[in-house]
Amino acid sequence: MFLRKLPGVSASGMGLRLSQKFVFLVFLSGLVTLCFGALFFLPDSARLKRIFLSGAETQTLEAATLAKEGIRKSDKSHDSFRDLTPGKGDPGALGKPSKADKSGDKNPEEHNLPKGPPQKIRQTVGAGREDRGGDTEPSERGAYQYDYDKFRACLKKPTLGANRGKPSDPQSQARRAKVKEVFRTKVLELGEKLLPAFNTPTGIPRGIINLGSGLSWSWGWASAGSSILAEFGTLHLEFVHLSEVSGNPTYKEKVMNIRKFLNKIEKPHGLYPNFLSPVSGNWVQHHVSIGGLGDSFYEYLIKSYLMSAKKDEEAKKMYYDALEAIETNLVQKSPGGLTYIAEWRGGILDHKMGHLACFSGGMIAIGAADGELQKRKHYMDLAAEITHTCHESYARSDTKLGPEAFRFDGGAEATATRLSDRYYILRPEVVESYMYMWRLTHDPKYREWGWEAIQALEKYCRVDAGFSGIRDVYSTTPNYDNMQQSFFLAETLKYLYLLFSDDDLLPLEDWIFNTEAHPLPVVRHSCMQGENKTHQRQKH
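Note that this is a predicted model, so its numbers are computed, not measured. (Residues numbered from 1 in each chain as written. Predicted model: local features only at pLDDT ≥ 70, side-chain atom pairs only at ≥ 80, totals over all residues. Heavy atoms only, no water.)

(A) Here's a closer look at the overall build of the protein chain. For the protein chain, the helix and strand inventory stands at 21 helices and 16 strands. The buried share of the protein chain, taken over its 540 residues, is 43%. When the accessible area of the protein chain is evaluated, it comes to approximately 29800 Å², of which 57% is carbon and sulfur surface. (Helix = DSSP H or I, 4+ residues; strand = E, 2+ residues; numbered from the N terminus. Buried < 20%, exposed > 50% of the residue type's maximum accessible area, 1.4 Å probe, protein only. Areas by Shrake-Rupley, 256 points an atom, 1.4 Å probe, with all protein chains shown as cover.)

(B) Empty space enclosed by the protein, seen in detail. Looking at the largest cavity, its volume works out to about 110 Å³. Lining the largest cavity we find 13 residues, and of these Gly 233, His 236, Arg 259, Phe 297 and Leu 301 sit closest to its centre. Put simply, the parts of the chain that give the lining of the largest cavity at least two residues each are helix H12 (250–264) and helix H13 (295–307). In the lining of the largest cavity, the residues fall into nine nonpolar, three polar and one charged. In this model, the second largest cavity occupies a volume close to 50 Å³. Lining the second largest cavity, in full, are His 391, Tyr 394, Ala 395, Lys 400, Tyr 434, Trp 449, Glu 452 and Ala 453. Class assignment of the residues belonging to the lining of the second largest cavity gives a composition of five nonpolar, one polar and two charged. (1 Å grid on protein atoms, 1.4 Å probe; cavity = no way out; pocket = protein on both sides within 12 Å on 5 of 7 lines; lining within 4 Å. Points joined across faces, edges and corners; volume = space filled by probe spheres on them. Nonpolar A, V, L, I, M, F, W, Y, C, P; charged D, E, K, R; others polar.)

(C) Highlighting the state of the cysteines. With the rule as written, the count across this model stands at one disulfide. Between the sulfur atoms of Cys 358 and its disulfide partner Cys 390 the distance amounts to 2.1 Å. The disulfide joining Cys 358 to Cys 390 has a torsion of about -95° about its S-S bond and is therefore left-handed. Of the two residues, Cys 358 is situated in the loop between strand S11 (352–354) and helix H15 (360–368) and Cys 390 in helix H16 (residues 376–395); the sequence distance between them amounts to 32 residues. Judged on exposure class, the residue Cys 358 and its partner Cys 390 are both buried. (Disulfide = S-S within 2.5 Å.)

(D) Quick peek at the sheet that holds strand S6 (residues 287–288). Ordered by their spatial adjacency, three strands build an open sheet running S6-S9-S10, and the pairing between neighbours is antiparallel. In the strand order of this sheet, the two ends are held by S6 and strand S10 (348–350), each with one partner. (Pairing = 2+ DSSP bridges.)

(E) Molecular detail of the side chain of Thr 200. Within the secondary structure, Thr 200 sits in the loop between helix H9 (184–194) and strand S1 (208–209). With relative accessibility at 12%, the residue Thr 200 sits in the buried group. From its side chain, Thr 200 meets the backbone nitrogen of Gly 203 in a polar contact 3.0 Å long. At 2.8 Å, the side chain of Thr 200 forms a polar contact with the backbone oxygen of Ile 204. Setting aside its immediate chain neighbours within four residues, Thr 200 contacts Arg 206 and Pro 278. (Polar contact = N/O pair within 3.5 Å; in protein donor to acceptor, adjacent residues only side chain to side chain. Contact = heavy atoms within 4.5 Å.)

(F) Inspection of unusual backbone geometry at higher detail. The phi angle at His 269 is positive, at roughly 55°, despite the residue not being glycine. Counting through the fold element by element, His 269 comes out in the loop between H12 and strand S4 (275–276). You can call His 269 exposed: its relative accessible area is 57%. The phi dihedral of Lys 310 is positive, around 65°, even though this residue is not glycine. Looking at the element boundaries, Lys 310 is found in the loop between H13 and helix H14 (313–329).

(G) Focus on the nonpolar core. Residues Tyr 298 and Leu 401 are the most contacted members of the largest nonpolar core, which totals 101 residues. Ignoring sequence-local partners within four residues, the contact set of Leu 401 consists of Ser 393, Tyr 394, Tyr 424, Ala 453, Ala 456, Leu 457, Tyr 460, Cys 461, Ile 470 and Val 473. (Core = buried A, V, L, I, M, F, W, Y, C linked by side-chain atoms within 4.5 Å.)

(H) View of the pattern of salt bridges. All told, the structure shown has 22 salt bridges when counted by the stated rule. In this structure, the salt-bridge partner of Glu 299 is Lys 303, at a minimum N-O distance of 2.7 Å. Of this pair, Glu 299 and Lys 303 both sit in helix H13, separated by four residues, roughly a single helical turn. A residue is classified by how much of its surface remains accessible, and Glu 299, at 5% relative accessible area, is buried. (Salt bridge = Lys/Arg side-chain N within 4 Å of Asp/Glu carboxyl O.)

(I) Structural detail: the sheet that holds S4. Spatial ordering of the open sheet is given by S3-S4-S5, a layout of three strands whose pairing is antiparallel. Strand pairing shows two members of the sheet lacking a second neighbour, strand S3 (227–228) and strand S5 (283–285), which therefore form its edges.

(J) Examining the UniProt feature "binding site: Ca(2+)" (unreviewed entry) in the protein chain more closely. Residues annotated by UniProt as "binding site: Ca(2+)" (unreviewed entry) correspond here to Thr 515. Topologically, Thr 515 is positioned in the loop between strand S15 (511–513) and strand S16 (519–521). In this structure Thr 515 comes out as partly exposed when scored by relative accessible area, which is 23%. Leaving out residues up to four positions away in the same chain, Thr 515 has contacts with Thr 234, Ser 296, Glu 299, Tyr 300 and Glu 491. Within the local environment of Thr 515, its side chain forms a polar contact with the side chain of Glu 299, the two groups lying 3.3 Å apart. (UniProt positions renumbered as here; feature names shortened; annotations may be inferred.)

(K) Here's a closer look at the packing of aromatic side chains. All told, the structure shown has 18 aromatic pairs when counted by the stated rule. Ring geometry for Phe 297 against Tyr 298: centres 5.2 Å apart, planes inclined by 70°, an arrangement best described as edge-to-face. Among the residues examined, Tyr 298 registers a relative accessible area of 2% and is labelled buried. Aromatic ring contacts, followed pair by pair, group Tyr 272, Trp 283, Phe 297 and Tyr 298 into a single cluster. (Phe/Tyr/Trp six-rings, centres within 6.5 Å; stacked < 30°, edge-to-face > 60°.)

(L) Looking closely at the environment of Trp 221. Looking at the secondary structure, you find Trp 221 in the loop between strand S2 (216–217) and S3. Those residues in contact with Trp 221 that lie beyond four places of it in its chain are Ile 228, Phe 275 and Leu 293.

Here is the structure:
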């Protein structure tokens, strides 16, 4: 009937001219828009929306509706509401150690968290990003913050008990010790299963082992079946500790044999190349790097000395000899005055420094006090200069996060010149050096630099499910790689947390961090031997 009233419409209703069809379509579009607009934007339309939305979208809608109602109800008590959850960017909130990082007692703060679903307000990935990570403190950015101090003050008894929960009766003590033993037995079992990897003509272990069969082999990409310096050279701390807790000297003997072998073979210019054949004992390539493939070997030399309560003179000598070779052959100064550690390929320098090599600022710092007297200040200066260069790699990017590798050639200084080097995967090495430099100098700039890193992580890496790496640190529009690396929790956040903590939290005098930031105790045999006598005197 409607069509028949329009001029130029045939009796069949199908003879609309082009202009009339256009008018009709405009009218129809407006009608549809009006209907759906009323459906979705008028109040109390949530039930109607369920007709058109999928199940997942319906849940999102209901959550959004509840959030809006909650916000309206809380307008009158906004200040108290804001105090209930951790603020984003708060170093204390960021740095809470994850459960996966601990083999013993949990963090007391974890015990104190209230049970039930967490109360949290979060923006979506793309919403309000410009408001996150600015120069303001966390409490000034609108997120409410849980007051842990007030919560702990409300507890009626100490979380860990007066004596860490130790029962008074001997039977319960024995049974409690038996439970604690799913840990000691398992670590010894794992240690035993790793030992067949050392069954080579040189005693240098291969890189991969089948824990079931005991068969071991080298990485397929490693030249001529070689083992990797940063792998076989990064066992010492853990295997020495394993011998300490088990009373079995085999583990320590295995890693000491590696050291003895490395001591007796020739080293080009005093440097340790990254690839070594576990069969022939020859260096396979003359590629030297303080970054990937080589890094933690040098770290474990100085840390082995420190972990032995400064008794391991062999480790000390190897470390300072290697450091001298590094300074002579690899340490460079850019035209702009930046100190960096280049890579060495068969006698030719590659003027590149990887993010992984940025741990070396902290490494040199923790060993400075035990070097020759006339070199101690020089070592601290060198540590500070390298840490400054690594900070520059962050400061010169648009996101204030550092690239995977940065160069010092072709006019570039502390910037990535290749697309393949522009990514950041939440690596810890730069903030690791900040933490050590803060502990040893208390120069406030290291905490400021750490805070810059936290703000950048919040602004460019934080997503709804956690934190993600980004593919280009020189773009302020993040392109996420959708991966949160395990070392982000084990190392990056831990070092940042320690950076903003007092020095007596895991003091460096008593604890050594392995290459994954897990603390191992300094071994003081003289103290341990006198422990029983001390306890006897205390009883009397």
